Amino acid sequence: MQTTSANHTEPSSPSLDRQSLRPDCGNCFALCCTAFGFSRSADFALDKPAGSPCQNLAADFSCTIHDSLRPRGFRGCTVFDCFGAGQNVSQGFFAGKSWLAYPDIKDEMFSAFKAARRLHEMLWYLADAQARTFDPDSSHRAIQLRNTIEQAVGGELPDLLSLDIQELHSQVRSTLMEVSEEVRASYFATGGDHLDSALKPGADLMGKNLRSRRLCGANLRGAYLIAADLRDSDLSGADLLGADLRDAWLERTDLSKAMYLTQPQLNAARGSRATLLPSDLEVPSHWHDG
Ligand code: SF4
């Protein structure tokens with residue numbers, strides 16, 4: 001997808017460069033700081049109603065406390081990632097018109113952002129699935145879903161707003177699970193230590209010591225890995241779809257081939273430059289050097 005108003009869709013390619021799904025805040029009208037509502041919590045230090053700008057937002061759409069978000073109680077802002085939906089909605093669907101200059105477009109713009117964010121996130125996962133599968137049927141399904149989503153996020157606003165995102169989401173989810181089975185099976189086939197039965201989808205693994213473990217091919221989809229110790233472990237081929245990695249310890253963890261890993265998951269965790277990441281994910285700025 002592109003961020004131009006004339007045609008903000010790129011044709012589907014055999015593989016999707018996920019760099020196009022990285023946020024470009026300079027081309028966004030701070031939609032994440034405006035569209036969503038937040039209640040005061042450990043992640044966001046004040047109450048903010050949906051559809052109203054955060055009180056820390058400047059008139060040029062920058063954040064006035066950008067350099068001190070965590071110490072000032074806005075950790076959630078350092079975790080959030082729009083998967084490139086912000087710039088697409090700002091520059092694509094709304095052709096560079098901001099909600100500030102044109103208040104009458106506000107509601108539609110924020111609704112479009114919420115829808116596009118979910119769709120862009122699905123594209124992120126589908127790109128991963130497509131790159132990993134050797135099954136032509138799975139590959140075909142992933143490409144078809146990508147095409148549908150790319151048309152929606154590169155098309156007309158009414159079509160985006162009327163899309164049945166829930167239905168699309170369940171189709172995407174089933175394709176992701178199918179590919180996950182395939183990939184994880186290949187890791188089990190190569191041997192390695194036995195994964196304990198506690199390592200399963202949705203498992204409560206909060207604070208668990210999983211240090212220096214070979215967790216290749218583990219199905220940790222939706223698992224609660226909050227503050228779990230994963231240091232020095234290998235998660236190649238592990239399914240991390242929706243896993244909660246808040247404050248998980250990831251120093252020297254090998255995540256380079258972990259499945260369905262996202263930037264927000266990393267942003268919420270603790271790690272270092274020695275953590276091995278997929279090439280299209282970044283080391284969060286709060287991680288240390290060691
Ligand atoms: S604190 Fe800054 S980054 Fe967070 S919502 Fe407010 S303006 Fe945006």
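### Focus: helix H4 (residues 136-153)
Part 1 of the reasoning: Spanning 18 residues, H4 covers 25 Å between terminal C-alpha atoms, matching the ideal 26 Å at 1.5 Å per step.
Part 2 of the reasoning: Sitting at the amino-terminal end of H4 is Asp 135, which places a side-chain oxygen 2.7 Å from the backbone nitrogen of Asp 137.

### Focus on the state of the cysteines
Part 1 of the reasoning: Counting across every chain of the model gives 0 disulfides.
Part 2 of the reasoning: In this model Cys 28 remains outside any disulfide bridge; the closest cysteine sulfur is found in Cys 82, 6.1 Å from its own.

### Thoughts on the layout of surface pockets
Part 1 of the reasoning: What the second largest pocket holds in volume is close to 200 Å³.
Part 2 of the reasoning: Every residue lining the second largest pocket is counted, 18 residues in all, and those nearest its centre are Arg 18, Ala 127, Asp 128, Ala 131 and Asp 280.
Part 3 of the reasoning: Of the residues in the lining of the second largest pocket, the class split is 10 nonpolar, 3 polar and 5 charged.
Part 4 of the reasoning: Split by domain, the lining of the second largest pocket shows at least three residues from each of two domains, domain 1 (18-28 + 82-183) and domain 2 (194-290).

### As for the domain arrangement of the chain
Part 1 of the reasoning: On domain assignment, one finds that the chain holds domain 1 (18-28 + 82-183) and domain 2 (194-290).
Part 2 of the reasoning: The distance between the C-alpha centroids of domain 1 and domain 2 comes to 25 Å.
Part 3 of the reasoning: With 15 residues of domain 1 at the contact, the number on the domain 2 side is 17 residues.
Part 4 of the reasoning: For the domain 1 and domain 2 pair, buried surface summed over both sides reaches about 1,400 Å², with 52% attributable to carbon and sulfur atoms.
Part 5 of the reasoning: Along the contact surface separating domain 1 from domain 2 lie 2 salt bridges.

### Focus: the pattern of salt bridges
Part 1 of the reasoning: Applying the stated criterion across every chain yields a total of 17 salt bridges.
Part 2 of the reasoning: A salt bridge links Arg 22 to Asp 81, with the nearest nitrogen and oxygen atoms 3.0 Å apart. Separated by 59 residues along the polypeptide, Arg 22 in the segment before helix H1 (75-79) and Asp 81 in the loop between H1 and helix H2 (85-93) bring together distant segments of the chain. Each of the two residues, Arg 22 as well as Asp 81, counts as buried.
Part 3 of the reasoning: Across the salt bridge formed by Arg 270 and Asp 247, the nearest N and O atoms sit 3.8 Å from each other. Here Arg 270 is found in the segment after helix H7 (263-268), whereas its partner Asp 247 is found in the loop between helix H6 (165-189) and H7, with 23 residues between them in sequence.
Part 4 of the reasoning: A cluster of three or more residues bridged by salt bridges with shared partners is formed by Asp 43, Arg 75, Asp 247 and Arg 270.

### Quick look at the site of the ligand
Part 1 of the reasoning: The environment of the ligand is made up of Cys 33, Phe 44, Cys 54, Asn 56, Leu 57, Cys 63, Leu 69, Phe 74 and Cys 77.
Part 2 of the reasoning: In the shell around the ligand, the residues fall into 8 nonpolar, 1 polar and no charged.

### Side note on unusual backbone geometry
Part 1 of the reasoning: Not every positive phi belongs to a glycine, and Ala 95 is a case in point at roughly 50°.
Part 2 of the reasoning: Take Ala 95: it is sitting in the loop between H2 and helix H3 (106-132).
Part 3 of the reasoning: Under the relative-accessibility criterion, Ala 95 is labelled partly exposed at 47%.

### A few points about the environment of Ser 41
Part 1 of the reasoning: For Ser 41, the position within the fold is in the segment before H1.
Part 2 of the reasoning: A sequence separation of 34 residues divides Ser 41 from Arg 75, and the C-alpha atoms of the two residues are 9.9 Å apart.
Part 3 of the reasoning: A distance of 3.1 Å separates a polar side-chain atom of Ser 41 from the backbone nitrogen of Asp 43.

### Regarding the side chain of Ser 233
Part 1 of the reasoning: Structurally, Ser 233 can be placed in the loop between H6 and H7.
Part 2 of the reasoning: We classify Ser 233 as buried; its relative accessible area is 2%.
Part 3 of the reasoning: Those residues in contact with Ser 233 that sit more than four places away from it in its chain are Leu 210, Arg 211, Ser 212, Arg 213, Leu 215, Arg 252, Thr 253 and Asp 254.

### What to know about the packing of aromatic side chains
Part 1 of the reasoning: With the rule as written, the count across this model stands at 9 aromatic pairs.
Part 2 of the reasoning: Centre to centre, the rings of Tyr 125 and Tyr 260 are 6.0 Å apart; their planes meet at 85°, and the pair counts as edge-to-face. Placement of the pair is Tyr 125 in helix H3 and Tyr 260 in the loop between H6 and H7, with a sequence separation of 135 residues.
Part 3 of the reasoning: On the basis of relative accessible area, Tyr 260 is assigned to the buried category, the value being 0%.
Part 4 of the reasoning: Put simply, the rings of Phe 29, Phe 61, Trp 99 and Phe 110 pair up and form one aromatic cluster.
Part 5 of the reasoning: Here the guanidinium or amino end of Lys 97 rests over the ring plane of Tyr 102, the centre of that ring lying 5.1 Å away.

Conventions and cut-offs
- Residues numbered from 1 in each chain as written.
- Predicted model: local features only at pLDDT ≥ 70, side-chain atom pairs only at ≥ 80, totals over all residues.
- Heavy atoms only, no water.
- Helix = DSSP H or I, 4+ residues; strand = E, 2+ residues; numbered from the N terminus.
- Expected span 1.5 Å × (residues − 1).
- Polar contact = N/O pair within 3.5 Å; in protein donor to acceptor, adjacent residues only side chain to side chain.
- Disulfide = S-S within 2.5 Å.
- 1 Å grid on protein atoms, 1.4 Å probe; cavity = no way out; pocket = protein on both sides within 12 Å on 5 of 7 lines; lining within 4 Å.
- Points joined across faces, edges and corners; volume = space filled by probe spheres on them.
- Nonpolar A, V, L, I, M, F, W, Y, C, P; charged D, E, K, R; others polar.
- Domains from an automatic or database assignment.
- Contact = heavy atoms within 4.5 Å.
- Buried area = accessible area lost by both parts, 1.4 Å probe.
- Salt bridge = Lys/Arg side-chain N within 4 Å of Asp/Glu carboxyl O.
- Buried < 20%, exposed > 50% of the residue type's maximum accessible area, 1.4 Å probe, protein only.
- Near = heavy atom within 4 Å.
- Phe/Tyr/Trp six-rings, centres within 6.5 Å; stacked < 30°, edge-to-face > 60°.
- Lys NZ or Arg CZ within 6 Å of the ring centre and 35° of its normal.

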